[in-house]
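# Remarks on the overall topology
For reference, the chains in residue letters:
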Amino acid sequence: MDEQWALLVPLLPKRAKAGRPPAWPRRQLIDGIRFRVRTGVPWRDVPVEYGPWNRVYDLFRRWQRSGTWHRILTLLQSLADAKGAITWDLSVDSTVCRAHQHAAGARKQGDLQKEPPGGIFTELRDHGLGRSRGGFTTKLHLAVEQGQKPMSIVVTAGQRGDSPQFEPVLGKVRVPRMGPGRPRVRLDRVRADKTPHAAIGSSSCPDVGDA
């Protein structure tokens, strides 16, 4: 954990001004965010050892809206690629997440909320929620390299098929170089199931080596 934190610290946003140290260190709050994301418990049930739950949530939400989490992930991918730690044989698949029961009562016109949803990214019109065999669900379409590092993600409603998202999820793979040069988007191989051969070999996927 100490090694991971040492790698993460330089990538975090700089504090706005000097002064007294905050009552709740960033590492403590970020550990609380990790606990919540890993376990899926309600924010109010985050253990007090990570700090007040509303402080934990506030940090998560502010950085989500500002795109900080996305920037951190992109920087980590760039560092990993520079060290040769990314295997560019990608696997594409999806997983379905059951929505919380309270999701069914969400405001239909999210832009009318006191704090509009989303952030730097446009909120999906269906909020990534739909009806499937599992009930009210969201589907995550992922591209991961062979070290199981996430390379891209596409969120859809739970009833959406995998094949139509094959090209969009590959199209979002984009790893900036640490030095000069264009971001890397070219893959060596792609592994997937239930994907039409026409989609794999089409001219709209010129950067895929083999499939």
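Overview of the structure. It should be emphasised that the depicted structure is a prediction, and the values quoted were computed from it without experimental measurement.

## Some points on the packing of helix α2 (residues 26-39) against helix α3 (residues 53-66)
For the pair α2 and α3, the least separation of the axes is 9 Å and the interaxial angle reads 85°. If you check the angle between α2 and α3, you find them roughly perpendicular. Packed against α2, whose contacting residues are Arg26, Leu29, Ile30, Gly32 and Ile33, the element α3 presents Arg55, Val56, Leu59, Phe60 and Trp63 at the interface. Among the residues forming the contact of α2 with α3, the class breakdown is seven nonpolar, one polar and two charged.

## So, the pattern of salt bridges
The tally for this structure, following the rule as stated, stands at seven salt bridges. We note a salt bridge from Arg191 to Asp89, for which the minimum N-O separation is 4.0 Å. Of this pair, Arg191 sits in strand β5 (residues 189-191) while Asp89 sits in strand β1 (residues 89-98), and the two are 102 residues apart along the sequence. We classify Arg191 as partly exposed; its relative accessible area is 41%.

## Considering the nonpolar core
In terms of nonpolar packing, the biggest core is built from 15 residues, with Trp88, Leu90, Val92, Met151, Leu170, Val173 and Leu187 touching the most fellow members. The set of elements that each furnish at least two residues to this core consists of β1, β4 (150-157) and α5 (166-171). When neighbours within four sequence positions are excluded, Leu90 is seen to be in contact with Ala143, Val144, Glu145, Gln146, Met151, Val173, Leu187, Arg189, Val190 and Arg191. If you look at the next biggest cluster of nonpolar residues, it comprises 14 residues, including Trp5, Leu12, Phe35 and Trp43.

## Thoughts on a nonpolar patch on the surface
Taken together, the side chains of Leu124, Ile153 and Val155 present a nonpolar region at the surface, about 210 Å² in accessible area. One can find Leu124 in the loop between β1 and β2 (130-132). Residue Leu124 is classed as partly exposed on the basis of its relative accessible area, which comes to 36%.

## Details of the packing of aromatic side chains
On inspection of all chains with the given rule, the structure shows five aromatic pairs. Between Phe35 and Tyr50, the aromatic rings sit 5.5 Å apart at their centres with planes inclined by 35°, giving tilted as the arrangement. On the criterion of sequence distance, the pair formed by Phe35 in helix α2 and Tyr50 in the loop between α2 and α3 is long-range, its members being 15 residues apart. This pair shows no difference in class: Phe35 is buried, exactly as Tyr50 is. Geometrically, the ring pair formed by Trp43 and Phe60 is tilted, given 5.1 Å between the ring centres and 40° between the ring planes. Taken together, the positions of Trp43 in the loop between α2 and α3 and Phe60 in helix α3 put the pair 17 residues apart, joining distant regions of the chain. On the basis of relative accessibility, which here comes to 13%, the residue Trp43 falls in the buried class.

## Concerning the environment of Lys139
Considering the arrangement of structural elements, one finds Lys139 in strand β3 (residues 135-144). According to the relative accessible area criterion, Lys139 is buried, its value standing at 11%. Separated by 21 residues in the primary sequence, Lys139 and Arg160 place their C-alpha atoms 7.4 Å from one another. Of note is the side chain of Lys139, whose polar atom sits 2.8 Å from the backbone oxygen of Arg160. Within the structure, the side chain of Lys139 is placed 3.3 Å from the side chain of Asp162, a separation counted as a polar contact.

Thresholds applied
Residues numbered from 1 in each chain as written. Predicted model: local features only at pLDDT ≥ 70, side-chain atom pairs only at ≥ 80, totals over all residues. Heavy atoms only, no water. Axes fitted to C-alpha atoms, helices over the stretch in contact; angles between N-to-C directions. Helix = DSSP H or I, 4+ residues; strand = E, 2+ residues; numbered from the N terminus. Parallel < 35°, antiparallel > 145°, perpendicular 65-115°, else oblique. Contact = heavy atoms within 4.5 Å. Nonpolar A, V, L, I, M, F, W, Y, C, P; charged D, E, K, R; others polar. Salt bridge = Lys/Arg side-chain N within 4 Å of Asp/Glu carboxyl O. Buried < 20%, exposed > 50% of the residue type's maximum accessible area, 1.4 Å probe, protein only. Core = buried A, V, L, I, M, F, W, Y, C linked by side-chain atoms within 4.5 Å. Patch = residues over 30% accessible without salt bridge, like charges linked within 9 Å, V, L, I, M, F, W, Y side chains within 5 Å. Areas by Shrake-Rupley, 256 points an atom, 1.4 Å probe, with all protein chains shown as cover. Phe/Tyr/Trp six-rings, centres within 6.5 Å; stacked < 30°, edge-to-face > 60°. Polar contact = N/O pair within 3.5 Å; in protein donor to acceptor, adjacent residues only side chain to side chain.

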